[in-house]
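# Tertiary structure, described
So you can see what is in the structure, the chains are spelled out below.
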Amino acid sequence: MISSDVIRGYNDTIILSLLIEGDSYGYEISRNIRSITNEQYIMKETTLYSAFTRLEKNGYIESYYGEETQGKRRTYYRITPEGIKYYREKCEEWELTKKVINKFVKEMVHYGNN
Amino acid sequence: METIKSYLDNIFRNLPKSKEMERLKSEILYNMEERYNELKDNGKLENEAIGIVISEFGNIDELLDEMGISPSKNNENYPVVDNEEAMEFVSLKKKASYLIATGVGLILLGVSLLIFLSQMAERNLIFQSLPEDAKGTLPVIALFLLIVPAVALFIYSGTKLERFKFIEEGKFEISSDLRNILNSELPSITQKQSIHTIIGVSLCIFSVVVLLAIVSFEPFADFGVCVMLLMIAVAVSIFITSGSVPDSYKELLKIDDYKPKTQKQDKVIGAVAGIVWPIAVCIFLFCGFVFNLWHICWVVFPITGILFGGFTALYKAIKAD
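Every value quoted in this text rests on a predicted model; they were computed, and no experiment measured them. (Residues numbered from 1 in each chain as written. Chains lettered and ligands numbered in written order. Predicted model: local features only at pLDDT ≥ 70, side-chain atom pairs only at ≥ 80, totals over all residues. Heavy atoms only, no water.)

## Examining the packing of helix 5 (residues 83–122) of chain B against helix 8 (residues 176–215) of chain B
A packed helix pair is summarised by two numbers, namely the angle formed by the two axes and the spacing between the axes. Residues and elements named next belong to chain B. Counted only if it meets this: The convention used is that axes are lines fitted to C-alpha atoms, helices contributing only their stretch in contact, and that angles between N-to-C directions extend from 0 to 180 degrees. Only DSSP runs of H or I reaching four residues or more are called helices, and only runs of E reaching two or more are called strands; each is numbered from the N terminus. The labels follow the angle: roughly parallel below 35 degrees, roughly antiparallel above 145, roughly perpendicular from 65 to 115, and oblique for the rest. Contacts are assigned to residue pairs with any non-hydrogen atoms lying within 4.5 Å of each other. Gly is put with the polar residues, along with every residue not named as nonpolar or charged; the nonpolar set is Ala, Val, Leu, Ile, Met, Phe, Trp, Tyr, Cys and Pro, and the charged set is Asp, Glu, Lys and Arg.
Where helix 5 contacts helix 8, the two axes come as close as 10 Å, and the packing angle between them is 40 degrees. One finds that helix 5 runs oblique with respect to helix 8. Across the interface between the two elements, N83, A86 and M87 of helix 5 pack against D177, L178, I181 and L182 of helix 8. Among the residues forming the contact of helix 5 with helix 8, the class breakdown is 5 nonpolar, 1 polar and 1 charged.

Put into structure tokens, the structure is as follows:
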């Protein structure tokens, strides 16, 4: 399990990447995150819904009521063009972050080997 | 599954109620249910599955921060009263009310006996061979012999309820499930209570009629009060016992007299009662022993009762504004 502190800044990115594949709802998204990461990252319910709230407020996603199935009416989420743009920016940011952090992580390994 | 539902109910209970919140809650409930079913399908035991689902819920504050909602602050981690405990509380309150009703009945019976014996002694029908002083004090002894078990009953019923002190003080929470049960049963229970109240009030009115009827027969005039007191004793017992169940329901639901605000009022009224009633007892004993007015000094109790009732009503009316 990954500490939620480390991954916090990228929860939104993870959700957006799944919505780019197609509209989806809460449970499906959290299940996909689990299966893609082989259960190494499980997003908590409250983390998921605070991300939805934040993304919707910023206009990156839109919600709508889905068809009723088995008496349940789910809320679906759709990514907006702004959301796609934001996702690309976050991907670039991550590439940069990765490069920067890797420098330090590698130096640590190097140092430790001496 | 019920565990998950009541877990969510507990979390959302103290949050502001809105359509948005309802939607969020049901959405999260769907997710948790589906996750639960998935875990069960993968061969997890029920308890394990519930544990995992709840551990994956997260921290509600994270979500509330994002939504710009601050949780209401009244929840100081009070213990949650479950259905079994609530039913135990109700039945214990019922038992205690029988004890208290018996105690009050004994005291009224004692006063009635006091008047009866005094009258008999005055007419030289009993205690003829005893000295004058003993004639005066024997009826009082009879009264105290009945007051002793009555007080014992009051104390005993109080200690029985000691375990549920936190409920009496309003320091508890109940599940929405229990709230629904209590709310659905309350109307039929209060209906029963109102029938008993009608019977009790009728008895009180009828006791006055009986008093007037007996008084008109000159030789028995003084015994009318004895009969009236006995009838009032029965009526008061009915009031006390019939009120116990609906009162305990209201206490659990924190409605009517048990709203946190009213409880503060009750503290003032309770404090006044704590002063007024002992004074009444002092006057009663003083008039009795010093002036030997046993036959009439009991009126201090009904007078205190009426004045105190008036004060309570007035206090509530002023505070209600």
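Further notes follow.
## Here we look at the interface of chain B and chain A
To keep things clear, this is the line we draw: Accessible area that two parts lose when put together, with a 1.4 Å probe and added across both, is what the buried area reports. By definition, a salt bridge exists where a carboxyl oxygen of Asp or Glu is found within 4 Å of a side-chain nitrogen of Lys or Arg. In the analysis that follows, any N or O atom pair within 3.5 Å is treated as a polar contact, provided that within protein one partner can donate a hydrogen and the other can accept it, and provided that, for residues neighboring in sequence, both atoms belong to side chains.
The partner chain A presents 22 residues to the 21 residues of chain B that form the contact. Both sides of the chain B and chain A interface together cover about 2,100 Å² of buried area, and 46% of this is carbon and sulfur. For the interface between chain B and chain A, the tally reads 5 salt bridges. The tally of links between chain B and chain A comes to 19 residue pairs in polar contact (both at pLDDT 80 or more). Contributions of two or more residues to the side of chain B that touches chain A are made by helix 2 (19–41) and helix 4 (60–67) of chain B. A total of 11 residues in the side of chain B that touches chain A trace back to one element, the largest contributor, which is helix 2 of chain B.

## A closer look at the domain arrangement of chain B
Definition in use: Domains are outlined according to an automatic or database domain assignment.
By the assigned domains, chain B splits into domain 1 (2–67), domain 2 (82–254) and domain 3 (259–321). Distance from the C-alpha centre of domain 1 of chain B to the C-alpha centre of domain 3 of chain B: 52 Å.

## Quick notes on the pattern of salt bridges
Residue and element names in this part refer to chain A. Rules: Each residue's exposure class comes from its accessible area (1.4 Å probe, protein chains only) as a fraction of the maximum for that residue type: buried when under 20%, exposed when over 50%, partly exposed otherwise.
Considering all chains together, one arrives at 19 salt bridges over all chains under this definition. A salt bridge links E62 to R78; the shortest N-O distance between them is 2.9 Å. In this pair, E62 sits in strand 2 (residues 61–69) while R78 sits in strand 3 (residues 72–79), placing the two residues 16 residues apart along the sequence. Assessed through its relative accessible area of 36%, E62 is described here as partly exposed.

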